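Descriptive analysis of the structure
The residues making up each chain are set out below.
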Amino acid sequence: MLPSSPPRQASLPGFSAQEFRASLAMFATGVTIVTARTPAGELIGLTANSFNSVSLNPPLVLWSLSQGASSMSAFSTGSHYAINILAADQKELAERFASRRADRWLDVPFTDSPCGAPLLTGAAATFECFNRSRYEEGDHVIFVGEVERCSHRAGAAPLLYHGGKFYTEHPL
């Protein structure tokens, strides 16, 4: 007797949206600010903890953005962006870029990368990415960036996020 074929789709969730969010919050992540410029030169930036490495060869990273985000068109159509991994002393920046403040770039020190994306001064690491591909999944778009340049600040402690709070590293 042949085994039955696997189901073609997932069964309906047996949990609430609140339980899903609470469970996701148990995964500690680093904190990033993804930055870019619109074709008109306007600065774009948002806090994201959905960053992950994908491949070493070629060098690929990913992050995701809600389909309803106001910056979606800029990131979807732009050729480049930067992912800035925040250092432990950049909590205020994480909160600022997670808000809807119109003045989120006010007095924020940065340099322009060769591709035009802002690189935040003091970041623990930066990745300058070509906007290689995008995948619509659920209510988000997954962006895959091909890293053209990267750098890190040796000895910098990263900013971490867990359970709705910010933390710094504590070696075991």
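Summarised in this report is the structure supplied together with it. Note on numbering: residues in each chain are counted from 1, in written sequence order. Side-chain atom pairs in this predicted model are given and counted only at pLDDT of 80 or more, local residue features only at pLDDT of at least 70, and totals for whole chains, interfaces and linings cover all residues. Side-chain figures throughout are based on the complete set of non-hydrogen atoms in the structure, without hydrogens or water.

**Observations regarding the pairing of strand 6 (residues 80-85)**
The cut-off we apply is this: With a 1.4 Å probe rolled over the protein chains alone, any residue whose accessible area is under 20% of its type maximum counts as buried; one over 50% counts as exposed, and the rest are partly exposed. Helix and strand assignments follow DSSP, with helices taken as H or I runs no shorter than four residues and strands as E runs no shorter than two, numbered in order from the N terminus.
In terms of residue burial, strand 6 counts as a mostly covered element, since six of its six residues are buried. Burial along strand 6 is two-sided: the face carrying His80, Ala82 and Asn84 and the face carrying Tyr81, Ile83 and Ile85 are both buried.

**Some points on the pattern of salt bridges**
To be explicit about the condition: The salt bridge criterion pairs a side-chain nitrogen of Lys or Arg with a carboxyl oxygen of Asp or Glu, the two atoms within 4 Å.
Within this structure, the stated rule accounts for seven salt bridges. Two residues, Glu95 and Lys91, come together in a salt bridge whose shortest N-O distance is 3.1 Å. Separated by four residues within a single helix, Glu95 and Lys91 lie in helix 3 (residues 91-98), roughly one turn from each other. Taking the relative accessible area as the measure of exposure, Glu95 reaches 38% and is therefore partly exposed. In this structure, the salt-bridge partner of Arg149 is Glu128, at a minimum N-O distance of 2.8 Å. Residue Arg149 is located in strand 10 (residues 140-152), and its partner Glu128 is located in strand 9 (residues 125-137); the two are separated by 21 residues in the primary sequence. Judged by its relative accessible area of 7%, Glu128 falls in the buried class.

**Let's talk about the sheet that holds strand 5 (residues 60-66)**
Put simply, the rule is: In this description, strands pair whenever DSSP reports at least two bridges between them. Axis lines are fitted through C-alpha atoms, for helices just across the contact stretch, and the angle between N-to-C directions can take any value from 0 to 180 degrees.
Here we have seven strands laid out as an open sheet, ordered 3-2-6-9-10-5-4, and antiparallel in their pairing. The strands lining the two open edges of the sheet, one partner per strand, are strand 3 (43-48) and strand 4 (52-55). Between one strand axis and the next, the sheet turns by 35° as a mean value, whatever way the strands run. The pairing of strand 5 with strand 10 spans seven bridges and is antiparallel. Across the sheet, residue Val61 finds its bridge partner in strand 10, namely Gly145.

**Regarding the nonpolar core**
Here is the rule we go by: Definition used in this section: a nonpolar core is a set of buried Ala, Val, Leu, Ile, Met, Phe, Trp, Tyr and Cys residues joined via side-chain atoms within 4.5 Å. Any two residues having at least one pair of non-hydrogen atoms within 4.5 Å are treated as being in contact.
In this structure, Trp63, Phe75, Tyr81, Ile83 and Phe143 are the most contacted members of the largest nonpolar core, which totals 22 residues. Where this core is concerned, the elements lending two or more residues are strand 2 (32-37), strand 3, strand 5, helix 2 (72-77), strand 6, strand 9 and strand 10. Once you skip the residues sitting within four places of it in the chain, Phe75 turns out to touch Val34, Thr35, Ala36, Ile44, Leu46, Trp63, Leu65, Tyr81, Asn131 and Phe143. Judged by nonpolar contacts, the second largest core, of 10 residues, contains Val31, Ile33, Trp105 and Leu120.

**As for a nonpolar patch on the surface**
Selection criterion: Only residues above 30% relative accessible area that lack a salt bridge enter a patch, with like-charged residues linked at up to 9 Å and the nonpolar side chains Val, Leu, Ile, Met, Phe, Trp and Tyr linked at up to 5 Å. Shrake-Rupley sampling with a 1.4 Å probe provides the accessible areas, and residues are treated as covered by the protein chains on show and by no other component.
Residues Phe15, Phe20 and Leu24 make up a contiguous nonpolar surface patch of roughly 310 Å² in combined accessible area. Structurally, the position occupied by Phe20 is in helix 1 (residues 17-24).

**Focus on the side chain of Arg104**
Rule in force here: Charged residues are defined narrowly, with Lys and Arg counted positive, Asp and Glu counted negative, and His plus the chain ends left uncounted.
Looking at where Arg104 falls in the secondary structure, it is placed in the loop between helix 3 and strand 7 (110-112). There is no salt bridge for the buried Arg104, and the closest opposite charge comes from Asp103, which lies 7.3 Å off by N-O distance. In this view, Arg104 contacts Gly45, Leu46, Arg96, Phe97 and Ser99; residues no more than four positions away in its chain are not counted.

**Comments concerning the packing of aromatic side chains**
Put simply, the rule is: For Phe, Tyr and Trp, rings pair up if their centres lie within 6.5 Å, where Trp contributes its six-membered ring, and each pair is then called stacked (planes under 30 degrees apart), edge-to-face (over 60) or tilted (otherwise).
This structure, assessed with the given rule, holds 11 aromatic pairs. Between Trp105 and Phe110 the ring centres are 5.3 Å apart and the planes differ by 75°, which places this aromatic pair in the edge-to-face class. Looking at Phe110, the relative accessible area reads 26%, which means it is partly exposed. Members of the aromatic cluster, each reached through a chain of ring pairs, are Trp63, Phe75, Tyr81 and Phe143.

None of this, on its own, says anything about what the molecule does.
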